[in-house]
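Structure assessment
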Protein chains: 2
Amino acid sequence: MNGSQVPSTTVRRLPSYLQALLSAQVHRQSVVNSLQIAEMVGSNAAQVRKDLSYLGEYGTRGVGYDVDALVAHLIRWLGIEEHRNVAIVGFGRLGSALQGYAGFAERGFRVVAVLDDDPDKIGRPFDGHVVQAIGDVEEIFSAANVDIAVLAVPAAVAQSVTDAIVAAGVKAILNFAPTRVEVPDDVVVRHADVAAELQVLAFHLSSLERRAND
Amino acid sequence: MNGSQVPSTTVRRLPSYLQALLSAQVHRQSVVNSLQIAEMVGSNAAQVRKDLSYLGEYGTRGVGYDVDALVAHLIRWLGIEEHRNVAIVGFGRLGSALQGYAGFAERGFRVVAVLDDDPDKIGRPFDGHVVQAIGDVEEIFSAANVDIAVLAVPAAVAQSVTDAIVAAGVKAILNFAPTRVEVPDDVVVRHADVAAELQVLAFHLSSLERRAND
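Our subject in this report is the structure included herewith. All of these numbers come straight from a predicted model, not from anything done at the bench. (Residues numbered from 1 in each chain as written. Chains lettered and ligands numbered in written order. Predicted model: local features only at pLDDT ≥ 70, side-chain atom pairs only at ≥ 80, totals over all residues. Heavy atoms only, no water.)

At the interface, 64 residues of chain B touch 64 residues of chain A. Considering only the side of chain B, the residues that lose the most area to chain A are B:Arg93, B:Gln199 and B:Phe203, jointly responsible for 12% of the buried surface there. For the pair chain B and chain A, the number of links is 2 salt bridges. Ionic pairing is found between A:Glu197 and B:Arg190, a salt bridge with its closest N-O pair at 2.8 Å. Looking at the side of chain B that touches chain A, its residues break down into 35 nonpolar, 13 polar and 16 charged. (Contact = heavy atoms within 4.5 Å. Buried area = accessible area lost by both parts, 1.4 Å probe. Salt bridge = Lys/Arg side-chain N within 4 Å of Asp/Glu carboxyl O. Nonpolar A, V, L, I, M, F, W, Y, C, P; charged D, E, K, R; others polar.)

With that out of the way, let us pick up the relation of the copies chain B and chain A. Mapping chain B onto chain A is achieved by rotating through 180° and translating by 0.1 Å along the same axis, at an RMSD of 0.1 Å. Both copies are brought into coincidence by an operation consistent with a two-fold rotation axis. (Least-squares fit on C-alpha atoms with pLDDT ≥ 70 in both.)

Glancing now at the packing of aromatic side chains. All names here are of chain A. The final tally for this structure, using the stated rule, is 4 aromatic pairs over all chains. Between Tyr101 and Phe104, the ring centres sit 5.0 Å apart and the planes meet at 65°, which makes this aromatic pair edge-to-face. Residue Tyr101 is classed as buried on the basis of its relative accessible area of 11%. A residue is classified by how much of its surface remains accessible, and Phe104, at 4% relative accessible area, is buried. (Phe/Tyr/Trp six-rings, centres within 6.5 Å; stacked < 30°, edge-to-face > 60°. Buried < 20%, exposed > 50% of the residue type's maximum accessible area, 1.4 Å probe, protein only.)

Residues and elements named next belong to chain A. Throughout the structure, instances matching the rule amount to 10 salt bridges over all chains. Residue Arg13 pairs with Asp51 through a salt bridge whose shortest N-O separation is 2.6 Å. Taken as a pair, Arg13 in helix H1 (residues 8-26) and Asp51 in helix H3 (residues 45-53) lie far apart in primary sequence, 38 residues in all. For the residue pair Arg13 and Asp51, the accessibility class agrees, reading buried in each case. (Helix = DSSP H or I, 4+ residues; strand = E, 2+ residues; numbered from the N terminus.)

Residues and elements named next belong to chain B. Spatially, 6 strands are ordered S8-S5-S4-S9-S10-S11 in an open sheet, and the strand pairing comes out parallel. Where the open sheet ends on each side, the last strands, each with one partner, are strand S8 (132-133) and strand S11 (188-191). Relative to strand S9 (residues 148-151), strand S4 (residues 84-89) runs parallel, the two being bridged by 4 bridges. Pairing of Ile88 across the sheet is with Val150, part of S9. Where helix H7 (residues 137-144) meets the sheet, its contacts fall on S4, strand S5 (109-116), S8 and S9, and the angle it forms with S5 comes to roughly 165°. (Pairing = 2+ DSSP bridges. Axes fitted to C-alpha atoms, helices over the stretch in contact; angles between N-to-C directions.)

In this section: the side chain of A:His129. All names here are of chain A. If you trace the backbone, His129 turns up in strand S7 (residues 129-130). Of the residues examined, His129 reaches a relative accessible area of 16% and is grouped as buried. Within polar-contact distance, the side chain of His129 engages the backbone oxygen of Val111 at 3.2 Å. Here His129 is in contact with Gln99, Val111, Val112, Ala113, Val114 and Arg124, once residues within four sequence places are set aside. (Polar contact = N/O pair within 3.5 Å; in protein donor to acceptor, adjacent residues only side chain to side chain.)

Here it is in structure tokens:
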């Protein structure tokens, strides 16, 4: 089966299933059922079964899923059997926080380059990485085999830096700039919109308050 | 209509529609159709129409949506007519980056408190906020009327800090710690899982590579 046939909503849930299964492995569970996975990720069993059915037959009715087999399959499916190389572009406070983010290495990602355009930062080492110039992005990305660029620059320059990243041949961008960026059809952008997360929470708060006032 | 009747997948898309409509306002468009909104958010017109239909009748067939009316309605619906008060709990690199995040104020959020448990940080001012002690969370949240807590502490203490936040009466948490946290049923947690975003991108890369090798 081709990855493009899996619905994008399912793809977005796969990392949380992988997390749940890794947690089951840590607790030495060899089999989990869809209800247990659902409880770990805050979903329901029918949704879990439907999502996992896109990946093939890894469950046994009435028994559950073989944890090790499903973990191996999800890792292969998510394309993280081998480490993916990540570059942090924009080394302000957010970029520096992301570079030190503890969750990356254990989840299959390796920060191989950090870039900025501030002459005071370029050439200085931070946590084992020397900050390199955004102007040299093509050479840097090519030398470091960058798979994914994490964009942590101000909104005003997000599009021009994105254009440079795309010109350097990177096909996947995680955008933390508080603005949308345009890319060609063969490049995938995820927009890590922190304020949007807060808006979703605000919506839930309003719902709670409406119910409390009913 | 009660907010709880809107599907959660739709709720997650509402902030991006609001962003698109605010962008249309900036460009002095008074009417936009579902296709234009879809293009701005990277969706399709049918999905946009279906999502917005949950909010009531704001579109005119063959014409489009009244931008100002729909913006006002989305803002009301998302519960951000008034600023929501946000506390940053954990003032390491990520907490400090989040505190300075440019997207908050313009999207209806105000950082009213920052907390940490490091004696070297407590009592020191950063960008207009004096860092306060996590141990005083109940008094601080009550005094500052905190609506949403942003959790930016290490994974090892995420659950105990969450318990303290919940005990302080906060009903909405945005969790940046690279681990899941448990909360009572009346508290909403969004898990801002940066590594999961990278895993989704890795999956798309694998799909691209599979197609290129076909």
